[in-house]
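The residues making up each chain are set out below.
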Amino acid sequence: MPRSYYLMKHRPVLYNSMLLSGTLHPHLLEVEQTAESRMQQTMQELLKQNPAPNKERHQMEWVQHINSLKAQAEELVMNELIYS
């Protein structure tokens, strides 16, 4: 959805062209699949660089750490795939 919204608001000619030619849906599906795989890959890399605390002993710190890494990964993927 974010890619569709971005194209509609910021690249209307490309959006309409893809919509009329029938390539919009396949493009959005491809971007979504790529974003999901890139998100998983980025999370793994970030976890290697910044290991999470012990989940059993420090549950709240672990959740905070994972949420922080997820936010970083989402920002990277959004800038790289969605808003380009």
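Quick caveat: nothing in here was measured; it's all calculated off a predicted structure.

Peer 1: Kindly report on helix α4 (residues 59–82), identifying the contributing residues and their values.
Peer 2: Here α4 is 24 residues long and its end C-alpha atoms lie 32 Å apart, about the 34 Å a rise of 1.5 Å per residue gives. Looking at α4, one finds that the buried residues are H65, I66, L69, A73, V77, L81 and I82. Looking at the buried residues of α4, the elements they touch are α1 (2–10) and α3 (24–49).

Peer 1: Before we move on, could you go through the nonpolar core and cite the residues and values that matter?
Peer 2: With 9 residues, the main nonpolar core is built from A35, M39, M43, L46, I66, L69, A73, V77 and L81. Secondary structure elements with two or more residues in this core: α3 and α4. For this core, the element with the highest residue contribution is α4, accounting for 5 residues. In contact with V77, not counting residues within four places along its chain, are A35, R38, M39, T42 and I82. In this structure, Y6, Y15, M18 and L24 belong to the second largest nonpolar core, which totals 5 residues.

Peer 1: Before we move on, could you go through the pattern of salt bridges and cite the residues and values that matter?
Peer 2: Under the counting rule described, the total for this entry stands at 1 salt bridge. A salt bridge links R38 to E80, with the nearest nitrogen and oxygen atoms 1.8 Å apart. Linking R38 in helix α3 with E80 in helix α4, this pair joins segments that are 42 residues apart in sequence. In this structure R38 comes out as partly exposed when scored by relative accessible area, which is 25%.

Peer 1: With reference to specific residues and values, describe the packing of α1 against α3.
Peer 2: Two elements in contact, α1 and α3, have axes separated by 9 Å at closest approach and are oriented at 130°. Taken together, the axis directions place α1 and α3 in an arrangement best described as oblique. Of α3, the residues touching α1 (which contributes R3, S4 and L7) are L24, H27, L28 and V31. Residue composition of the contact of α1 with α3, by class: 4 nonpolar, 2 polar and 1 charged.

Definitions and cut-offs
Residues numbered from 1 in each chain as written. Predicted model: local features only at pLDDT ≥ 70, side-chain atom pairs only at ≥ 80, totals over all residues. Heavy atoms only, no water. Helix = DSSP H or I, 4+ residues; strand = E, 2+ residues; numbered from the N terminus. Expected span 1.5 Å × (residues − 1). Buried < 20%, exposed > 50% of the residue type's maximum accessible area, 1.4 Å probe, protein only. Contact = heavy atoms within 4.5 Å. Core = buried A, V, L, I, M, F, W, Y, C linked by side-chain atoms within 4.5 Å. Salt bridge = Lys/Arg side-chain N within 4 Å of Asp/Glu carboxyl O. Axes fitted to C-alpha atoms, helices over the stretch in contact; angles between N-to-C directions. Parallel < 35°, antiparallel > 145°, perpendicular 65-115°, else oblique. Nonpolar A, V, L, I, M, F, W, Y, C, P; charged D, E, K, R; others polar.

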